Amino acid sequence: MTISERIFERLKQLDMTQKDFAIETGIRQSTISEWKKNKTNPSSDKILAICKVLDVTPEWLLSGVDPAASRVKNHDYYVVDVHTDTGLLVEIFNGLDKSQRDRIIGYAEAFSAMMPGFLV
C-alpha cells in the first residue's frame with residue numbers, strides 16, 4: 001500500500017472529506033486530489049501536518065508499520081505548529097548554543113518547581 005492509499009484509507013476511517021482534510025492540513029484540495037487520481041505521494045514537507053490531522057505516526061504513514069500495534073500517537077516526540085507560542089519557543093530554543101539551552105532548561109525547571117502540582 002502506498003502513502004496516498006494509507007491517507008485515503010485513514011480519511012475513510014475518520015469519516016473525513018478531502019475538503020476537510022485540506023482545510024485541516026493547509027494543503028490545497030487539488031493537490032490531495034492529484035494524490036488520489038495519479039496514485040502519487042505527498043512531498044516530505046507535508047508528512048508531519050498529515051500525521052497530525054490523521055492522528056497517526058510518521059512510521060505508519062510512510063511504511064504501514066505500526067510498532068505499537070496502534071495508530072494512536074504514543075511516541076517520544078512532539079509535532080508542533082510553528083505558528084503557535086510553542087512553535088516560537090522551539091524555534092528560539094533551537095537557535096541557541098548548548099550552554100544557552102542548558103541555562104533555559106535550568107530556568108524552566110526552577111520555575112516549574114515553584115508551581116504547585118506541576119510535574120516535570
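Please read all numbers here as calculations on a predicted model, not as lab measurements. (Residues numbered from 1 in each chain as written. Predicted model: local features only at pLDDT ≥ 70, side-chain atom pairs only at ≥ 80, totals over all residues. Heavy atoms only, no water.)

**Details of the pattern of salt bridges**
Side-chain pairs of opposite charge can arise where the charged atoms are in close proximity.
Reasoning step 1: Scanning the model with the defined rule gives 3 salt bridges in all.
Reasoning step 2: Among the ionic pairs, E34 bridges to K37, the shortest N-O distance being 3.3 Å. Of the two residues, E34 and K37 both sit in helix 3 (residues 29–38), 3 residues apart, roughly one turn of that helix.
Reasoning step 3: Given the relative accessible area of 33%, E34 is considered partly exposed.
Reasoning step 4: Using a relative accessible area of 61% as the deciding quantity, one classes K37 as exposed.
Reasoning step 5: Across the pair D45 and K46 runs a salt bridge, and its minimum N-O distance is 3.8 Å.
Reasoning step 6: With relative accessibility at 22%, the residue K46 sits in the partly exposed group. (Salt bridge = Lys/Arg side-chain N within 4 Å of Asp/Glu carboxyl O. Helix = DSSP H or I, 4+ residues; strand = E, 2+ residues; numbered from the N terminus. Buried < 20%, exposed > 50% of the residue type's maximum accessible area, 1.4 Å probe, protein only.)

**Here's the deal with the packing of aromatic side chains**
Here a ring pair, both rings aromatic, is described through the centre-centre distance and the interplanar angle of the planes.
Reasoning step 1: Following the criterion strictly, the structure yields 0 aromatic pairs and no others.
Reasoning step 2: Above the ring of F8, the side-chain terminus of K36 is found at 5.1 Å from the ring centroid. (Phe/Tyr/Trp six-rings, centres within 6.5 Å; stacked < 30°, edge-to-face > 60°. Lys NZ or Arg CZ within 6 Å of the ring centre and 35° of its normal.)

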